[in-house]
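# Structure assessment
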Amino acid sequence: MKKLVVYESGTGFTKQYAEWIAQELSCSAVSLKQTTAEEVKQNDLVIFGGWIMGGMVCGLDKVLAMAPAHLIAFGVGSTPAEITDAAAMKQQNHLENVPFFYFVGGFRFEKLNFVFKIMLKTLKKSVVKKADKTPQEKFMADILGTSFDATDKKYMEPLLACVKETEAEVK
Ligand SMILES: Cc1cc2nc3c(=O)[nH]c(=O)nc-3n(C[C@H](O)[C@H](O)[C@H](O)COP(=O)(O)O)c2cc1C
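Residues numbered from 1 in each chain as written. Predicted model: local features only at pLDDT ≥ 70, side-chain atom pairs only at ≥ 80, totals over all residues. Heavy atoms only, no water.

This model, assessed by the stated rule, comprises five aromatic pairs. Geometrically, the ring pair formed by F139 and F148 is edge-to-face, given 6.4 Å between the ring centres and 85 degrees between the ring planes. For F139, a relative accessible area of 14% gives the class buried. Site record: aromatic cluster; members linked through ring pairs are Y17, W20, F74 and F103. For the cation-ring pair, R108 lies above F13, with the distance from its terminal atom to the ring centre recorded as 3.9 Å. (Phe/Tyr/Trp six-rings, centres within 6.5 Å; stacked < 30°, edge-to-face > 60°. Buried < 20%, exposed > 50% of the residue type's maximum accessible area, 1.4 Å probe, protein only. Lys NZ or Arg CZ within 6 Å of the ring centre and 35° of its normal.)

Laid out in structure tokens, this is it:
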């Protein structure tokens, strides 16, 4: 089964996961910006990973429009897995028929553009002030403006198992 990993990454965490997955599957990892619908269609299975912005997986609409034969998706965010509702995220991203996995990335605040920095500073001010914070808001109040790397290959395991299952079904 011919496989391709495609990614959309702003600060490098999603790219890192895409490269790790490609290594495990002995296939290539390419940036969404550098691939075409033709290249995508030459593959039996595409694994797409995008960074998460406001709960949405960046680049997903573009990959879906390329109509890959089979698609498995993952989203990379900074929120700890324990306080992330991956099922709700899957639904929010209209991925009812696509297997979806949430991976923890991190934050590279210094690599963000000016607009994102301002946006996050404003968000931090409002969550810090808020009484009765949700676990996600408490997390944001603590970490926004800082940088950390929480990538871990353990998050890839369910996705790699799903690739194996898909291969067995499609054969
Ligand atoms: C504007 C903005 C919005 C974000 N929204 C979310 C979010 O809703 N949930 C989350 O877990 N992380 C969120 N993040 C954090 C990124 O998803 C996280 O830093 C991710 O690891 C970035 O991946 P990348 O290095 O591949 O770009 C946001 C970051 C930015 C800059």
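And the narrative resumes.
Close to the ligand lie 23 residues; S9, T11, T14, T79 and G106 are nearest. Taking F13, its main chain carries an N or O atom lying 2.8 Å from an oxygen atom of the ligand. In this structure, V76 approaches the ligand through a main-chain N or O atom, which is 3.3 Å from an oxygen atom. Contact with the protein chains covers 91% of the free accessible surface of the ligand, which is 650 Å². Of all the secondary structure elements, the ones that give two or more residues to the shell around the ligand are α1 (13-25), β3 (45-53), β5 (71-77), β7 (106-107) and α5 (114-129). For the shell around the ligand, the per-class residue count stands at eleven nonpolar, twelve polar and no charged. (Near = heavy atom within 4 Å. Polar contact = N/O pair within 3.5 Å; in protein donor to acceptor, adjacent residues only side chain to side chain. Areas by Shrake-Rupley, 256 points an atom, 1.4 Å probe, with all protein chains shown as cover. Helix = DSSP H or I, 4+ residues; strand = E, 2+ residues; numbered from the N terminus. Nonpolar A, V, L, I, M, F, W, Y, C, P; charged D, E, K, R; others polar.)

Applying the stated criterion across every chain yields a total of five salt bridges. Of the charged contacts, one joins K130 and E137 as a salt bridge, the two residues approaching to 2.8 Å between their closest N and O atoms. Classification of K130 by relative accessible area gives partly exposed; the value is 36%. Linking K138 and D142 is a salt bridge whose minimum nitrogen-to-oxygen distance equals 3.2 Å. Taken together, the residues K138 and D142, both in helix α6 (residues 135-143) and four residues apart, mark about one turn of the helix. Residue classification places K138 among the partly exposed positions, given a relative accessible area of 47%. (Salt bridge = Lys/Arg side-chain N within 4 Å of Asp/Glu carboxyl O.)

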